[in-house]
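# Coordinate inspection notes
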Amino acid sequence: MLFRSGETVILDGTAGTVATRPSPAEIAGATERARRERRDTELLATLRTEPAVSKDDARITLLANVDLPDEAETAVGNGAEGVGLMRTEFLVVGRASMPDEDEQYEAYAKVVRAFGQRPVIIRTFDVGGDKLPIGGWPHEPNPFLGWRAIRMCLDQPDLFKTQLRALLRAAVLGDVRINLPLVVSVAEVRQARALIAEAAAELRGRGVPHRDDVPVGIMVETPAAAVLAGAIARDVAFFSIGTNDLVQYTLAVDRGNAALASRFTPLHPAVLRLIRMTREVADARGVAVSVCGEMASDPLMAFTLVGLGIRQLSVSPISLPRVKALIRGMRVAAAVEAAGAAMDAATADDAETILRAALHAEVDGELLHT
């Protein structure tokens, strides 16, 4: 993209967009967004060390999503209480060869060291779909329903065990937990656990320090995982609800298809019911549950998730102050009432109307940005 000297452009680093020749309205909007970001920075300075406690004394744990190891320090500085989701695809995407065990260990260790003894949930490779290495990958007409994530890892045990050995080594440094993506059956969890045991045995045979007792959990991001949550709970320590894929698979809407963007509706009553159902199962079985999809970073969505009973939210590091301010400015009882009504709504639009009205009645509009 070429620019003329003196040309006005709007660069939005959050959205990843560049607007050329912006209109006065667009300039005004960008100026307002910049003001809000400055306000968030000021909020952060006062809230960094404060707990995320609602007006009616409900404690919400705020974790961070980490895409790259260098983001760990920012997340810690913004008050994250741990990592709810460390994505590991940065080690694979755009490369012609897979990273070895030592390279992976160093990447994981950097994040674990940054958080000390606070929990760091690391997701195993969610490769496939729209996250592909260079070359050697099968072409699929529908990659999101194809060979990806846990399916690929289980079919490539040597590749998978390289990652698992690196994770077990990094676990010596802190509270590491292993998260398995796109699980749809108990059998997949048990296969993964068997490979974890093999990886530990290999490290033991080499005399390499590691932990054998790393907690294992799954991403709940398909209706199958939500419906089978009770059975899967016997074999895992935690659930991480991935709302991006859960919405996609529940509504049969490709989240990467711009023509379907209006149909990608996280507040659809079916999605809300699956989230609450998963949380209820987790509570009944003594399994920890969090939401780590981008849904949790949006104030309206965070309000909704708290209303559905979620007490751990994992959000982008930059969103931590805004979500914390929201929690401290709301009553959980109001969110519970609104979420209950939204689940009984006939449409996603009706659900959003209910939730938005409740949120605006509850919280200062300056905190919302929605």
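One can find the structure itself at the top, above this paragraph.
Every value quoted in this text rests on a predicted model; they were computed, and no experiment measured them.

Rules used in this analysis
- Residues numbered from 1 in each chain as written.
- Predicted model: local features only at pLDDT ≥ 70, side-chain atom pairs only at ≥ 80, totals over all residues.
- Heavy atoms only, no water.
- Helix = DSSP H or I, 4+ residues; strand = E, 2+ residues; numbered from the N terminus.
- Rg over C-alpha atoms; globule rule 2.2 N^0.38 Å.
- Buried < 20%, exposed > 50% of the residue type's maximum accessible area, 1.4 Å probe, protein only.
- Contact = heavy atoms within 4.5 Å.
- Lys, Arg positive; Asp, Glu negative; His and termini not counted.
- Charge placed at Lys NZ, Arg CZ, Asp CG, Glu CD.
- Patch = residues over 30% accessible without salt bridge, like charges linked within 9 Å, V, L, I, M, F, W, Y side chains within 5 Å.
- Areas by Shrake-Rupley, 256 points an atom, 1.4 Å probe, with all protein chains shown as cover.
- Salt bridge = Lys/Arg side-chain N within 4 Å of Asp/Glu carboxyl O.
- Pairing = 2+ DSSP bridges.
- Right-handed = clockwise from strand over helix to strand, strands pointing away.
- Axes fitted to C-alpha atoms, helices over the stretch in contact; angles between N-to-C directions.
- Left-handed = near helix turned anticlockwise from the far one by under 90°.
- Nonpolar A, V, L, I, M, F, W, Y, C, P; charged D, E, K, R; others polar.
- Phe/Tyr/Trp six-rings, centres within 6.5 Å; stacked < 30°, edge-to-face > 60°.
- Lys NZ or Arg CZ within 6 Å of the ring centre and 35° of its normal.
- Core = buried A, V, L, I, M, F, W, Y, C linked by side-chain atoms within 4.5 Å.
- Parallel < 35°, antiparallel > 145°, perpendicular 65-115°, else oblique.

### Here we look at the overall build of the protein
Counting secondary structure elements, the protein contains 14 helices and 10 strands. For the protein, the C-alpha radius of gyration of 21 Å lies close to 21 Å, the compact-globule estimate for 370 residues. Each principal axis of the C-alpha atoms in the protein carries an extent, and together these give about 65 × 60 × 45 Å. Within the protein, buried positions represent 52% of all 370 residues. For the protein, the share of sequence-separated contacts (at least 6 apart) that also reach a separation of at least 24 residues comes to 67%. The centroid of the 41 positive side-chain charges in the protein is displaced by 2 Å from the centroid of its 48 negative side-chain charges.

### Some thoughts on a nonpolar patch on the surface
A contiguous nonpolar surface patch, about 260 Å² in accessible area, is contributed by Val9, Leu11 and Val18. Within the fold, leucine 11 resides in strand 1 (residues 9-12). Since its relative accessible area comes to 67%, leucine 11 is described here as exposed.

### Description of unusual backbone geometry
The bulk of non-glycine residues show a negative phi, and the bulk of peptide bonds are trans. One non-glycine residue, aspartate 57, lies in the positive phi region at around 70 degrees. The topology assignment puts aspartate 57 in the loop between helix 1 (24-47) and strand 3 (61-66). The exposed category is assigned to aspartate 57, whose relative accessible area is 65%. In the Ramachandran plot, alanine 149 falls in the positive-phi region, its phi being about 55 degrees despite a non-glycine side chain. With respect to the element layout, alanine 149 can be found in the loop between strand 5 (119-123) and helix 4 (150-155). Taking relative accessible area as the criterion, alanine 149 reaches 0% and is therefore assigned buried.

### Re the pairing of strand 3
Most of strand 3 is tucked away, with five of its six residues classed as buried. Here three bridges tie strand 3 to strand 4 (residues 83-86), and the two strands are oriented parallel to one another. The residue of strand 4 that forms the bridge with alanine 64 is valine 83. Viewed along the sheet, the connection from strand 3 through helix 2 (residues 71-77) into strand 4 turns out right-handed.

### Topic: the packing of helix 5 (residues 157-170) against helix 6 (residues 186-206)
Running from amino to carboxyl end, helix 5 crosses helix 6 at an angle of 65 degrees, the nearest separation of the two axes being 9 Å. In terms of crossing hand, the pair formed by helix 5 and helix 6 is right-handed. When helix 5 is examined against helix 6, the residues Pro157, Phe160, Lys161, Leu164, Arg165, Leu168 and Arg169 are found in contact with a partner set consisting of Ala192, Leu195, Ile196, Glu198, Ala199, Ala200, Glu202, Leu203 and Arg206. Taken together, the residues of the contact of helix 5 with helix 6 break down into 10 nonpolar, no polar and six charged.

### Thoughts on the packing of aromatic side chains
According to the stated counting rule, one finds zero aromatic pairs in the structure shown. Here the basic side chain of arginine 169 rests over the ring of tyrosine 105, its NZ or CZ set 4.4 Å away from the ring centre.

### Focus: the nonpolar core
Counting 104 residues, the largest nonpolar core has Tyr108, Ile218, Phe239 and Leu313 as its most contacted members. Not counting chain neighbours up to four residues away, the residues in contact with isoleucine 218 comprise Asn179, Leu180, Val183, Val189, Ala225, Ile232, Val236, Phe238, Phe239 and Ser240.

### Some points on helix 12 (residues 320-328)
Summarising burial for helix 12: eight of the nine residues are buried, a large majority. Among all positions in helix 12, only Leu320, Pro321, Arg322, Val323, Lys324, Ala325, Leu326 and Ile327 are buried.

### Quick look at the packing of helix 11 (residues 299-307) against helix 13 (residues 332-343)
Look at helix 11 against helix 13: their axes get within 7 Å of each other, and the N-to-C directions meet at 90 degrees. Judged by the angle between their axes, helix 11 and helix 13 are roughly perpendicular. Residues Phe303, Thr304, Val306 and Gly307 of helix 11 form the contact with helix 13, whose participating residues are Val332, Ala334, Ala335, Val336, Ala338 and Ala339. A per-class count over the contact of helix 11 with helix 13 returns eight nonpolar, two polar and no charged.

### A word on the pattern of salt bridges
By the definition in use, this model includes 25 salt bridges. With a closest N to O distance of 2.4 Å, aspartate 70 and lysine 110 form a salt bridge. Pair noted here: aspartate 70 is in the loop between strand 3 and helix 2 and lysine 110 is in helix 3 (residues 101-115), with a separation of 40 residues, a long-range link. Aspartate 70 gets classed as exposed once you look at its relative accessible area, which sits at 56%.

### Focus: the environment of leucine 164
Position of leucine 164 relative to the elements: it lies in helix 5. With a relative accessible area of 0%, leucine 164 lands in the buried category. The contact partners of leucine 164, leaving out residues within four places of it in the chain, are Thr124, Ile178, Leu195, Ile196 and Ala199.

Geometry only, nothing functional implied.
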